[in-house]
Amino acid sequence: MTGSHRVVLLACGSFNPPTNMHLRMFEIARDFLHRTTNYNVVAGLISPVHDKYGKEGLVNASDRIQMLRLALNSSSWVHVSEWETQQDEWTPTREAVQYHQELVDSVVNGNVDPTVKRQRLDSSTSWLTHLAGSTDPVSVKLLCGADLLESFARPGLWKDEDIEALVGKYGIVVITREGSNPYKFIYESDVLTRHQKNIHIVTEWITNEVSSTKVRRALRRGESVKYLVQDSVIDYIYKNALYNTHNK
Ligand SMILES: Nc1ncnc2c1ncn2[C@@H]1O[C@H](COP(=O)(O)OP(=O)(O)OP(=O)(O)O)[C@@H](O)[C@H]1O
Ligand SMILES: NC(=O)c1ccc[n+]([C@@H]2O[C@H](COP(=O)(O)O)[C@@H](O)[C@H]2O)c1
């Protein structure tokens with residue numbers, strides 16, 4: 001693709017457990033960006049949140065990473081990033097995006113602080129090596145559902161400067177979700193309106209309201225989650241008695 005700008009999509013969340021919608025988000029976003037922009041989406045990354053995020057019912061990061069690995073077996077271009085889970089504390093999303101941008105820069109864009117490079121390349125993976133084949137710049141953008149965008153308005157949850165950096169410096173790709181109206185949400189926010197060009201709204205017409213909460217509920221109740229979650233992930237959940245499945 002000539003004149004294109006390379007993009008890495010980074011999704012941050014609990015993935016507790018990863019659902020088929022988490023995987024599908026990447027496909028919808030990449031299709032949309034290829035159709036409507038000159039972005040060439042070269043990789044997708046899933047960054048599960050740290051255990052200390054402390055959300056009720058959050059299973060261990062090691063289990064969430066294993067489930068993501070199994071789920072992503074069917075994807076040739078989306079990978080797990082363990083970095084957030086390896087930190088001492090929970091990482092604000094802006095810092096997670098910044099870290100991955102610096103990681104990419106250290107390999108591709110050439111402007112490297114040697115210490116940063118040494119640390120970053122320890123976690124070197126195939127997707128990174130791939131990027132190194134060209135010096136065309138690569139931008140990391142946050143991929144999220146509309147509920148995450150709308151959580152920007154929840155008092156005390158996000159720092160103003162983090163929102164400003166996410167939309168102003170990096171950019172966001174937002175997948176619509178039932179009950180959300182990201183256009184109205186952007187209209188009602190001065191900062192989001194100012195950076196509207198950097199917010200790509202992807203309308204998912206084939207609405208699919210699977211969520212991890214609903215999957216956990218079904219598992220707890222002994223109900224089937226087949227076709228909502230990858231079979232390999234379901235096997236892992238039962239084998240490791242996650243989400244109270246040992247009672248079944
Ligand atoms: N059905 C969906 N449609 C669009 N985006 C989704 C959907 N499910 C999850 N996402 C997005 O995936 C990212 C990671 O989500 P997260 O792990 O919080 O999943 P979730 O299913 O919303 O979880 P939970 O139900 O535990 O809150 C978020 O940006 C979220 O908005
Ligand atoms: N201030 C912030 O950076 C901030 C606030 C709330 C949630 N988040 C992130 O959003 C994601 C939300 O996940 P949940 O929807 O599962 O709570 C997580 O990756 C979390 O780290 C970031």
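See the structure above.
Residues numbered from 1 in each chain as written. Chains lettered and ligands numbered in written order. Predicted model: local features only at pLDDT ≥ 70, side-chain atom pairs only at ≥ 80, totals over all residues.

Student: Would you mind showing me how to read the packing of helix H2 (residues 61–71) against helix H12 (residues 231–239) here?
Tutor: How two helices pack is summed up by the angle between their axes together with the distance between the axes. Where H2 contacts H12, the axes come no closer than 8 Å and their chain directions differ by 155°. Regarding the angle of H2 to H12, the classification is roughly antiparallel. The hand of the H2/H12 crossing is right-handed. From H2, Gln66, Met67, Leu70 and Ala71 reach across to H12, where they touch Ser232, Val233 and Tyr236. (Axes fitted to C-alpha atoms, helices over the stretch in contact; angles between N-to-C directions. Helix = DSSP H or I, 4+ residues; strand = E, 2+ residues; numbered from the N terminus. Parallel < 35°, antiparallel > 145°, perpendicular 65-115°, else oblique. Left-handed = near helix turned anticlockwise from the far one by under 90°. Contact = placed C-beta atoms within 7 Å.)

Student: Help me understand the sheet that holds strand E1 (residues 5–13) in this model?
Tutor: Sheets are built from strands that pair by backbone hydrogen bonding, the pairs being arranged parallel or antiparallel. Spatial strand order, E3-E2-E1-E4-E5-E6: six strands in an open sheet with parallel pairing. Edge positions in the sheet fall to strand E3 (78–80) and strand E6 (199–202), since each has one partner strand and no second. Taken pair by pair, the neighbouring strands of this sheet meet at an average axis angle of 25°, ignoring direction. Lying over the sheet, helix H8 (residues 160–170) contacts strand E4 (138–145), strand E5 (172–175) and E6, oriented at roughly 130° with respect to E4. (Pairing = 2+ DSSP bridges.)

Student: Looking at this model, I keep getting lost on unusual backbone geometry. Mind explaining?
Tutor: A negative phi holds for most residues other than glycine; trans holds for most peptide bonds. A cis geometry characterises the amide bond from Asn16 onward to Pro17, with omega recorded as 5°. Residue Ala241 is not a glycine yet carries a positive backbone phi of 50°. Residue placement: Ala241 occurs in the segment after H12.

Student: Before we go on, may I ask you to explain the site of ligand 2 in this structure?
Tutor: Near ligand 2 lie 13 residues; those nearest to it are Cys12, Ser14, Val49, Pro92 and Thr93. Looking at the shell around ligand 2, the elements with two or more residues in it are E1 and helix H4 (93–109). Here the shell around ligand 2 is built from residues that sort into seven nonpolar, three polar and three charged. (Near = placed C-beta within 6 Å. Nonpolar A, V, L, I, M, F, W, Y, C, P; charged D, E, K, R; others polar.)

Student: Looking at this model, I keep getting lost on the site of ligand 1. Mind explaining?
Tutor: Of all residues adjacent to ligand 1, which total 21 residues, the nearest are Gly13, Cys144, Gly145, Ser212 and Thr213. Breaking the shell around ligand 1 down by element, the ones donating at least two residues are E1, helix H1 (20–36), E4, helix H7 (146–150) and helix H11 (212–220). If you tally residues by element for the shell around ligand 1, the top one is H1, at three residues. For the shell around ligand 1, the residue count by class is eight nonpolar, 10 polar and three charged.

Student: I keep staring at H12 and nothing clicks. Help me out?
Tutor: Regarding H12, the residues found buried are Val233, Ile234 and Ile237. When H12 is viewed along its axis, its buried side chains cluster within an angular range of 100° and face the same direction. Seen from the open side of H12, the exposed residues pointing more than 90 degrees away from its buried face are Asp231, Asp235 and Lys239. Those residues of H12 that are buried lie in contact with H2 and H11. At the C-terminal side of H12, Ala241 shows a positive phi close to 50°. (Buried ≥ 20, exposed ≤ 12 C-beta atoms within 10 Å, placed from the backbone. Arc of directions from axis to C-beta.)

As far as function goes, none of this settles anything; it's purely spatial.
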